[in-house]
Amino acid sequence: MMLEGHFIVYTLSGIFRDDSHPVYAFWKFTRGLTAPIFFSISGIIFTYLLLRNKHKGLANIRLQKGAKRGILLIFIGFLLQIKIFKVVFLDIPLFTDLVYIYHVLHCIGTCMLVVLICYLLQSYLLKIPLGILLFVLSITVFVAAPTLRVLDYSEIPRVIENVLVTSFNTERKVSVFPMFPWSGYYFFGGVIGSILYKIKEYGNSYGFSMVLLALGVSLNEYYYEILKHCNPYFKDLGLESILSVYEIARVGQICIVISTVLLLYKVTSKLPAIPKTTFVRNSLFIGVGLSFLLAMLLYGQENKHYGLTLASYFFFFSPIVLLLGKLVGLDKTLFYAVGQNTLVIYVVHAILLYESFLGIPFMTFFKASLTPFAAISGAILFVFSFVLLAKHLTWIEKYIYSFFNKKKEIHS
């Protein structure tokens, strides 16, 4: 979602960015949901692994690993804001306004450190379940965000404002992922992670999935009524109106997505194995042929109805995705490898799309210049190139390691 979303945003021509078009509007909604899901799942995994370790408190090995990881993310975040090529050849200052903005790696790294602090407080002082601490923290972040955003930051360094909120002052670079409200998603993920640790084997049950789905639907449908009811109490505390806190609805949407994935996994795992007949072995290619045939029949009809547009694109691109998956050997192991290397994937994609760190404009030629067909084609290739990167990352790391070792031996 991140890779295709960033690629299409970067490459799609402005004349096709029509919010009134249902297909584009739906895609834009899914793009807006990507970062909240990313933050929440990061929080789920980190908190679950932290609690699962048999050693508690300072003896928990995950504590040291998590602290190193959090600091590393913050450090890499600052490195990515530097554009070496432009500094060396175009005389651009090393430390520009861009260096001081707060983006996704900074925010997630800081969130990890905050969760570790909460974990230590819970272990030695408060004796309150970590899930409750993170729930209170998540809600506090969401409801405090409107108040923090309207404060006057003119008397303090801009970097502090960038850490806290997205500034109204757009004359200088503003943060995309400040702590308020984005850390709230991470802490909410931590709540789910702590629940999954508590219920353990029931986490994959229909009951848990249905409860999560019901919670998600309720928050998504009734978030405004909930906020309207709570708003007077927060106003009494001197906070700004919380009626604009759409993050509560986003939390509901995240619950819907996670519960849907869990239910699909549960259902598909119960399906009987299909015998490997000749027909089954050739079914992919038969399906590809039928799919392309349908796409050809629908070609030229897309301007008559939005549904036909969606159908023609679906029948054309779906088999391409399936064939590429077959070509790269996409299976469960490779799927996990992609998930385990998200940091490398993020860094490389940022270097290619946004000139991060190196400052070399690799993709400038395609910026805001592609048709939807070309942008989708490019996004598919872009995503699968990173699948291949994840597949061969171990070999690449070994090659780089041996290369530098050889150079070291030559110099010595």
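Just so it is clear, the model here is predicted, and its values are computed rather than measured. (Residues numbered from 1 in each chain as written. Predicted model: local features only at pLDDT ≥ 70, side-chain atom pairs only at ≥ 80, totals over all residues. Heavy atoms only, no water.)

Let us now look at the packing of aromatic side chains. The relative placement of two aromatic rings is captured by the distance of their centres and the angle of their planes. Across all of its chains, the model carries 20 aromatic pairs by this definition. Seen in terms of ring centroids, Y10 and Y354 are 6.3 Å apart; in terms of plane orientation they differ by 80 degrees. Their pairing is edge-to-face. Highlighted residues: Y10 in helix 1 (residues 2-11) and Y354 in helix 14 (residues 342-354), separated in sequence by 344 residues. Residue Y10 is classed as buried on the basis of its relative accessible area, which comes to 10%. Assessed through its relative accessible area of 34%, Y354 is described here as partly exposed. Aromatic side chains F314 and F315 sit 5.5 Å apart centroid to centroid with 75 degrees between the ring planes, which places their arrangement in the edge-to-face category. Taken together, the ring pairs connect F39, F142, F177, W182 and Y185 into an aromatic cluster. Lying across the ring of Y197, K200 places its NZ or CZ 4.0 Å from the centre. The ring of Y206 is capped by K266, whose NZ or CZ atom sits 5.6 Å from the centre of that ring. (Phe/Tyr/Trp six-rings, centres within 6.5 Å; stacked < 30°, edge-to-face > 60°. Helix = DSSP H or I, 4+ residues; strand = E, 2+ residues; numbered from the N terminus. Buried < 20%, exposed > 50% of the residue type's maximum accessible area, 1.4 Å probe, protein only. Lys NZ or Arg CZ within 6 Å of the ring centre and 35° of its normal.)

The next thing to look at is a nonpolar patch on the surface. Taken together, the side chains of L58, I117, L121, Y124, L125, L126, I128, I132, F135, V136 and I139 make up a nonpolar region of the molecular surface, amounting to roughly 1000 Å² of accessible area. Among the elements of the structure, helix 5 (104-126) and helix 6 (130-149) are those that each provide at least two residues to the nonpolar patch. Broken down by element, the nonpolar patch gets its largest block of residues, five residues, from helix 5. Note that I139 resides in helix 6. (Patch = residues over 30% accessible without salt bridge, like charges linked within 9 Å, V, L, I, M, F, W, Y side chains within 5 Å. Areas by Shrake-Rupley, 256 points an atom, 1.4 Å probe, with all protein chains shown as cover. Salt bridge = Lys/Arg side-chain N within 4 Å of Asp/Glu carboxyl O.)

Moving on to the packing of helix 5 against helix 6. Axis separation between helix 5 and helix 6 bottoms out at 10 Å; the angle between their running directions is 130 degrees. With respect to each other, helix 5 and helix 6 are oriented oblique. With respect to the hand of their crossing, helix 5 and helix 6 are arranged in right-handed fashion. Together, V114, V115, C118, Y119, Q122 and L126 of helix 5 and L130, L133, L134 and L137 of helix 6 make up the contact between the two elements. Looking at the contact of helix 5 with helix 6 residue by residue, the class counts come to nine nonpolar, one polar and no charged. (Axes fitted to C-alpha atoms, helices over the stretch in contact; angles between N-to-C directions. Parallel < 35°, antiparallel > 145°, perpendicular 65-115°, else oblique. Left-handed = near helix turned anticlockwise from the far one by under 90°. Contact = heavy atoms within 4.5 Å. Nonpolar A, V, L, I, M, F, W, Y, C, P; charged D, E, K, R; others polar.)

The geometry of helix 9 (residues 206-236) relative to helix 10 (residues 247-269) is characterised by a closest axis approach of 7 Å and an angle of 160 degrees between their N-to-C directions. Compared by their axis directions, helix 9 and helix 10 come out roughly antiparallel. Judged by the twist between their axes, the crossing of helix 9 over helix 10 is left-handed.

As far as function goes, none of this settles anything; it's purely spatial.
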